[in-house]
Amino acid sequence: MIRLGVNIDHVATLRQARRGQEPDPVAAAVLALLADADGITVHLREDRRHIQDRDVHLLRPVVPHHFNLEMAAVEAVTDMACLVKPDQVTLVPERREELTTEGGLDIITHQLPIGRAIERLHAAGIAVSLFIDPEENQVAMAHKLGVAAIEIQTARYSEARTAQEIDLQLATLRRATACALALKLHVHMGHGLNYHNVQAVAAIPGVEEFNIGHSIVSRAVLVGMERAVREMKAAIQQGYEERP
Ligand code: PXP
């Protein structure tokens, strides 16, 4: 079985557009779990552009297992992770100006701060996964750093447009997976996966977990639109009928 971690960041993006209270990502997490999500993923960004500290604290007791916190390997967020104790932390790169996480974490260049964060998270009893590009030297370094899992960055695959490029990127994902499995690392995948491109990645032997957000939240907005409009029409009608 492959786990699906539903990333609910963009429910919070919508809330933050008005800095109000809805939609509440915690409510979205409950609904996702009722729909058989295997876990919930959120990215607590340093600029707090979507998920807030309050969300992370509330989600912990609401998500009984596979609560996956994505974060940069910086001290303040590591402090918070050690306090909240998600089931898993996925360390990701982060630059303020980017629209979304671009590229995997370069764990070779940033070995020292990443190693320190891993040590602290492990000491707090939190499993650590590293979000890396599908490159053998990065996979080997993940093994050296002693983590249980890697999440392979699937953006290059997701963004491939020609059949030839898609095949090439899939082969890269397969090679990186095989390399990780040989080192006894658990393999997760994520970024840019949608209802059309996820199948080929799910077919790669050994892949255990997906973390998918944007395509699920996008679809939720559209499949929920009809009902939401009908309910608003009914609310207006109710007032209308109460006119003197
Ligand atoms: N995995 C990681 C490590 C991510 O940073 C993201 C984006 O926040 C995702 C998965 C989900 O990507 P998407 O929203 O494109 O499905």
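Residues numbered from 1 in each chain as written. Predicted model: local features only at pLDDT ≥ 70, side-chain atom pairs only at ≥ 80, totals over all residues. Heavy atoms only, no water.

(A) Just the site of the ligand, in detail. Within the structure, the ligand sits among 13 residues, and Glu70, Glu151, Gly192, Gly213 and His214 are positioned closest to it. Separating an oxygen atom of the ligand from a backbone N or O atom of glycine 213 is a distance of 2.8 Å. Bound to the protein, the ligand loses 94% of the 400 Å² it would expose on its own. Residue classes in the shell around the ligand are distributed as 3 nonpolar, 7 polar and 3 charged. (Near = heavy atom within 4 Å. Polar contact = N/O pair within 3.5 Å; in protein donor to acceptor, adjacent residues only side chain to side chain. Areas by Shrake-Rupley, 256 points an atom, 1.4 Å probe, with all protein chains shown as cover. Nonpolar A, V, L, I, M, F, W, Y, C, P; charged D, E, K, R; others polar.)

(B) Molecular detail of the pattern of salt bridges. Scanning the model with the defined rule gives 13 salt bridges in all. The shortest N-O distance in the salt bridge between aspartate 47 and arginine 45 comes to 4.0 Å. By relative accessible area, which is 28% here, aspartate 47 ends up partly exposed. For arginine 54, the salt bridge goes to aspartate 55, with nearest N and O atoms at 2.8 Å. Residue arginine 54 is classed as partly exposed on the basis of its relative accessible area of 38%. A cluster of three or more residues bridged by salt bridges with shared partners is formed by Arg15, Asp24, Arg54 and Asp55. (Salt bridge = Lys/Arg side-chain N within 4 Å of Asp/Glu carboxyl O. Buried < 20%, exposed > 50% of the residue type's maximum accessible area, 1.4 Å probe, protein only.)

(C) Seen up close, the side chain of arginine 3. Checked against the element boundaries, arginine 3 lands in strand S1 (residues 3–7). Among the residues examined, arginine 3 registers a relative accessible area of 18% and is labelled buried. Here glutamate 209 takes part through its side chain, which lies 2.8 Å from a polar atom of the side chain of arginine 3. Discounting residues that sit within four places of it in the chain, arginine 3 has contacts with Asp38, His66, His188, Glu208, Glu209 and Phe210. (Helix = DSSP H or I, 4+ residues; strand = E, 2+ residues; numbered from the N terminus. Contact = heavy atoms within 4.5 Å.)

(D) Molecular detail of unusual backbone geometry. Omega for the bond connecting glutamate 22 with proline 23 falls within 30 degrees of zero, at -5 degrees, which places this linkage in the cis form. With respect to the helices, strands and loops of the structure, proline 23 is situated in the loop between helix H1 (9–16) and helix H2 (25–34). In the Ramachandran plot, lysine 184 falls in the positive-phi region, its phi being about 65 degrees despite a non-glycine side chain. Tracing the backbone through its elements, the reader meets lysine 184 in the loop between helix H8 (163–182) and strand S7 (186–190). Lysine 184 sits in the exposed class, given a relative accessible area of 73%.

(E) The arrangement of the side chain of arginine 60 in detail. Inspection of the secondary structure assignment puts arginine 60 in helix H3 (residues 53–62). When neighbours within four sequence positions are excluded, arginine 60 is seen to be in contact with His65, Phe67, Val84, Lys85, Pro86 and Asp87.

(F) Fine view of the sheet that holds strand S2 (residues 39–43). Strand order in this closed barrel of 8 strands is S1-S2-S3-S4-S5-S6-S7-S8, and the pairing throughout is parallel. The sheet shows a mean angle of 25 degrees between the axes of neighbouring strands, direction not considered. Direction of pairing for S1 relative to S2: parallel, over a ladder of 3 bridges. Paired with asparagine 7 across the bridge in S2 is threonine 41. (Pairing = 2+ DSSP bridges. Axes fitted to C-alpha atoms, helices over the stretch in contact; angles between N-to-C directions.)

(G) Looking closely at H1. Every buried residue of H1 is accounted for by Asp9, Val11, Ala12, Arg15 and Gln16. Summarising the axial view, the buried residues of H1 lie within an arc of 160 degrees, below the 170-degree limit, and thus occupy one face. Buried residues along H1 sit against S1, H2, S2, H3 and helix H10 (214–223). (Arc of directions from axis to C-beta.)

(H) Structural context of helix H5 (residues 111–123). Helix length check: H5, at 13 residues, gives a terminal C-alpha distance of 18 Å against a target of 18 Å (1.5 Å per residue), a fit within 8%. As for H5, its buried residues are in contact with strand S3 (67–71), helix H4 (75–84), strand S4 (88–91), strand S5 (127–132) and helix H6 (136–145). A positive phi of about 80 degrees marks glycine 125, the residue just after H5. (Expected span 1.5 Å × (residues − 1).)

(I) Spotlight on the packing of H2 against H3. The interhelical angle for the contact between H2 and H3, taken along N-to-C directions, is 30 degrees, at an axis separation of 9 Å. Considering their axes alone, H2 and H3 lie roughly parallel with respect to each other. Of the two elements, H2 crosses H3, and the hand of that crossing is right-handed. Between H2, through Pro25, Val26, Ala29, Val30 and Leu33, and H3, the contact on the second element is made entirely by Arg54, Asp55, Leu58, Leu59 and Val62. Counted by class, the contact of H2 with H3 contains 8 nonpolar, no polar and 2 charged residues. (Parallel < 35°, antiparallel > 145°, perpendicular 65-115°, else oblique. Left-handed = near helix turned anticlockwise from the far one by under 90°.)

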